[in-house]
Amino acid sequence: MNYRWDWSVLIREPFADWLWSGVLLTLAISLLSWAVALTIGIVVGIARSAPSRTARLVAGIYIDVFRSVPPLVQLFLWYFVFPEMVPDSVGLWLKRDLPYPEIVTAVLAIGLFAGARVAEQVRAGIEAVGAPLLPAALATGLRPLQAFRLIALPLGLRAIVGPLTSEFLITIKLSSLSLTIGVLELTAQSRHVENYTFQGFEAFTFATIGYLVIGLCATGLMRLIDNRLGGAALRKATA
Amino acid sequence: MSDFDWGVIARSYSFLAEGMLLSALLVLVATVGGLIVGFGLALMRLSTHRLISVPAAGYVTVMRSLPLVLVLFWFYFLMPLAIGRPVGSLTSALIAFVLFEAAFYCEIIRAGIGSVRKGQSDAGLATGLRRWQVLRLIVMPQAMRAMGPLILNQIVIVFQDTSLVYVVSLHDFLTAASVIASRDGRATEMYSLVAVVYLMICLSITKAAEFYRRRRPS
């Protein structure tokens, strides 16, 4: 194996610049799609545990469909097909005037996919932790909606902070898919550096360590939230 | 919306079918290879020797925190260097898939073995069976009951993952469809078809796993 090591590509311009802008873009896409996923996941998860049959059915279909189509296919659908399906004026706006179209599309596509997975966790949380408390909440004189909003939902959500950690990590990894529609995030930039310098070892090592560090930070953040107000805090309070 | 042209699907049928065959090959190799390597990793992780368990745990943690796209790029780049001559992107993708999915199968197998109570293997050892006999005859059959649905779910994820070979230009089902989509300017038809096919296959396996889990409560 004859390979010319040259770790200096990681600090030489413009390559260092490329790689760090990739890190920032990966962080931005991960956090934004995580915000979308949490919003969708909570709304759909509530609908999935609602008394209305229609709401449960619609939420169930959303979860089944969005979890069964590969995320990369979903990304292509939003990017290539969606602008053709909507009325011409909207399609033109999407193609011409939407700022950062690739990034916005990637964030929405990844968020909608991860949202379906989060919704399942939310439903499980409400079912396992929140719902059993409803009779007691009703007995204190709360109306059904109040009992759900004030007791079952918040406690159900707090209980699933732990399981949500792995969904967060999956969302971070999914951000790499955006390179297929031309977003220069961390993986794309490391590939870019490899193409220019042939120092693939160094470039991919940078990306690997980048993902490990981002993943560790995400795990730490979620553990902090879990200890403060999540399932771990609940267990401490009742112990 | 322009007129939907079903003809393009009929005309490109054999090209798409070849793509689906490659997807199936990737799933098969990734699952069989991943289960074998994953089983080895799980045994290493369960070892009481730290020199054996720690490297396996490190490998699994690192693999599970990397995006598959990056792993595909790593092997696409590393394989020719390691072997000293160019290898096709299929070979490098197959190896990447086996080693990547092995980390996930390892965790499923480890959880399955962990779900069998310790008394079972203690009792097996007490009857005079050797360690590997206890594993093969007593622990694994019981672990399979817990692992079955999880392995089915992982196969769905592997099948979805195979679409990522797009980044190393292998013609799997999705990539074949995207080639035709850009050649004929028929993105709407091709990507809708791809989505529906993946949806039907993945949903039926998921529902089968749910059914299996409900019929055989562990």
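As the structure is a computational prediction, the values presented were derived from the model and not from experiment.

A. Layout of the environment of Arg 64 of chain B. Mapped onto the elements, Arg 64 of chain B comes out in helix 3 (residues 50–65). Classification of Arg 64 of chain B by relative accessible area gives partly exposed; the value is 36%. Residues within four places of Arg 64 of chain B in sequence aside, it is in contact with Lys 173 of chain A together with Ala 103, Phe 104 and Glu 107 of chain B.

B. Region of interest: the packing of helix 7 (residues 131–161) of chain B against helix 9 (residues 187–215) of chain B. Residue and element names in this part refer to chain B. At a minimum axis distance of 8 Å, the contact between helix 7 and helix 9 shows a crossing angle of 170°. As the angle between them shows, helix 7 and helix 9 are arranged roughly antiparallel. Residues Gly 148, Pro 149, Leu 152, Asn 153, Val 156, Phe 159 and Gln 160 of helix 7 form the contact with helix 9, whose own contacting residues are Tyr 198, Ile 201, Cys 202, Ile 205, Thr 206, Ala 209, Tyr 212 and Arg 213. The residue makeup of the contact of helix 7 with helix 9, split by class, is 10 nonpolar, four polar and one charged.

C. How the structure looks around the interface of chain B and chain A. Between chain B and chain A, the residue contacts involve 33 residues of the former and 38 residues of the latter. Carbon and sulfur atoms make up 75% of the area that chain B and chain A hide from each other, which totals about 3200 Å². Scanning the region where chain B abuts chain A turns up five residue pairs in polar contact (both at pLDDT 80 or more). Elements with a contribution of two residues or more to the side of chain B that touches chain A: helix 3, helix 4 (68–83) and helix 9 of chain B. The biggest single contributor to the side of chain B that touches chain A is helix 9 of chain B, with 11 residues. Partitioned by chemical class, the residues of the side of chain B that touches chain A number 26 nonpolar, five polar and two charged.

D. Region of interest: unusual backbone geometry. Residues and elements named next belong to chain A. That bond from Glu 13 to Pro 14 is cis: its omega, 0°, falls within 30 degrees of zero. With respect to the secondary-structure elements, Pro 14 resides in the segment before helix 1 (15–48). The backbone phi angle of Tyr 100 is positive, close to 45°, even though this residue is not glycine. Structurally, Tyr 100 is set in the loop between helix 4 (88–96) and helix 5 (101–130). Judged by its relative accessible area of 64%, Tyr 100 is exposed. Here the phi dihedral of Phe 198 falls at roughly 65°; this positive angle occurs in a residue that is not glycine.

E. Representation of the pattern of salt bridges. Residue and element names in this part refer to chain A. Enumeration according to the criterion identifies 12 salt bridges over all chains in this entry. A salt bridge links Glu 167 to Arg 117; its shortest N-O distance comes to 2.7 Å. In this pair, Glu 167 sits in helix 8 (residues 161–174) while Arg 117 sits in helix 5, placing the two residues 50 residues apart along the sequence. A relative accessible area of 5% places Glu 167 in the buried class. Among the residues examined, Arg 117 registers a relative accessible area of 22% and is labelled partly exposed.

F. Here's a closer look at the packing of helix 3 (residues 71–85) of chain A against helix 4 of chain A. Contact geometry of helix 3 of chain A with helix 4 of chain A gives a least axis separation of 7 Å together with a crossing angle of 145°. Between helix 3 of chain A, through Phe 82, Pro 83 and Glu 84 of chain A, and helix 4 of chain A, the contact on the second element is made entirely by Gly 91, Leu 94 and Lys 95 of chain A.

G. Fine view of the side chain of Gln 160 of chain B. Residue placement: Gln 160 of chain B occurs in helix 7. Here Gln 160 of chain B is in contact with Arg 67, Ser 68, Val 69, Pro 70, Pro 71 and Phe 113 of chain A together with Cys 202 of chain B, once residues within four sequence places are set aside.

H. Seen up close, the packing of aromatic side chains. Following the criterion strictly, the structure yields 23 aromatic pairs over all chains and no others. When the centroid spacing of 5.2 Å and the interplanar angle of 50° are considered together, the rings of Phe 100 of chain B and Phe 104 of chain B count as tilted. Here Phe 104 of chain B and Phe 100 of chain B lie together in helix 5 (residues 89–114), a separation of four residues that amounts to about one turn. As far as burial versus exposure is concerned, Phe 100 of chain B and Phe 104 of chain B are alike and both buried. Grouped by ring-pair contacts, the aromatic residues Tyr 3, Trp 5, Trp 7, Phe 201 and Phe 204 of chain A together with Phe 73, Trp 74 and Phe 77 of chain B constitute a single cluster.

I. Just a nonpolar patch on the surface, in detail. A surface patch of nonpolar side chains, about 340 Å² in accessible area, is lined by Leu 221, Leu 224, Ile 225 and Leu 229 of chain A. Inspection of the secondary structure puts Leu 229 of chain A in helix 10 (residues 200–229).

J. Representation of the confidence of the model for chain A. Confidence in the prediction for chain A averages 92 pLDDT; 99% of positions are at 70 or higher. Here helix 11 (residues 231–238) of chain A stands out as the element of chain A with the lowest mean pLDDT, 79, in contrast to helix 1 of chain A, whose mean of 96 is the highest.

K. Looking closely at the nonpolar core. Residues Leu 16, Val 71, Leu 72, Leu 174 and Met 190 of chain B are the most contacted members of the largest nonpolar core, which totals 120 residues. Per-element tally for this core: the top contributor is helix 5 of chain B, with 13 residues. Non-local contacts of Met 190 of chain B, meaning those with residues more than four positions away in its chain, are made with Val 8, Ile 9, Ser 12, Leu 16, Ala 177, Ile 180 and Ala 181 of chain B. Listed in part, the eight residues of the second largest apolar core include Val 44, Ala 59, Ile 63 and Phe 66 of chain A.

Calculation criteria
Residues numbered from 1 in each chain as written. Chains lettered and ligands numbered in written order. Predicted model: local features only at pLDDT ≥ 70, side-chain atom pairs only at ≥ 80, totals over all residues. Heavy atoms only, no water. Helix = DSSP H or I, 4+ residues; strand = E, 2+ residues; numbered from the N terminus. Buried < 20%, exposed > 50% of the residue type's maximum accessible area, 1.4 Å probe, protein only. Contact = heavy atoms within 4.5 Å. Axes fitted to C-alpha atoms, helices over the stretch in contact; angles between N-to-C directions. Parallel < 35°, antiparallel > 145°, perpendicular 65-115°, else oblique. Nonpolar A, V, L, I, M, F, W, Y, C, P; charged D, E, K, R; others polar. Buried area = accessible area lost by both parts, 1.4 Å probe. Polar contact = N/O pair within 3.5 Å; in protein donor to acceptor, adjacent residues only side chain to side chain. Salt bridge = Lys/Arg side-chain N within 4 Å of Asp/Glu carboxyl O. Phe/Tyr/Trp six-rings, centres within 6.5 Å; stacked < 30°, edge-to-face > 60°. Patch = residues over 30% accessible without salt bridge, like charges linked within 9 Å, V, L, I, M, F, W, Y side chains within 5 Å. Areas by Shrake-Rupley, 256 points an atom, 1.4 Å probe, with all protein chains shown as cover. pLDDT = per-residue confidence, 0-100. Core = buried A, V, L, I, M, F, W, Y, C linked by side-chain atoms within 4.5 Å.

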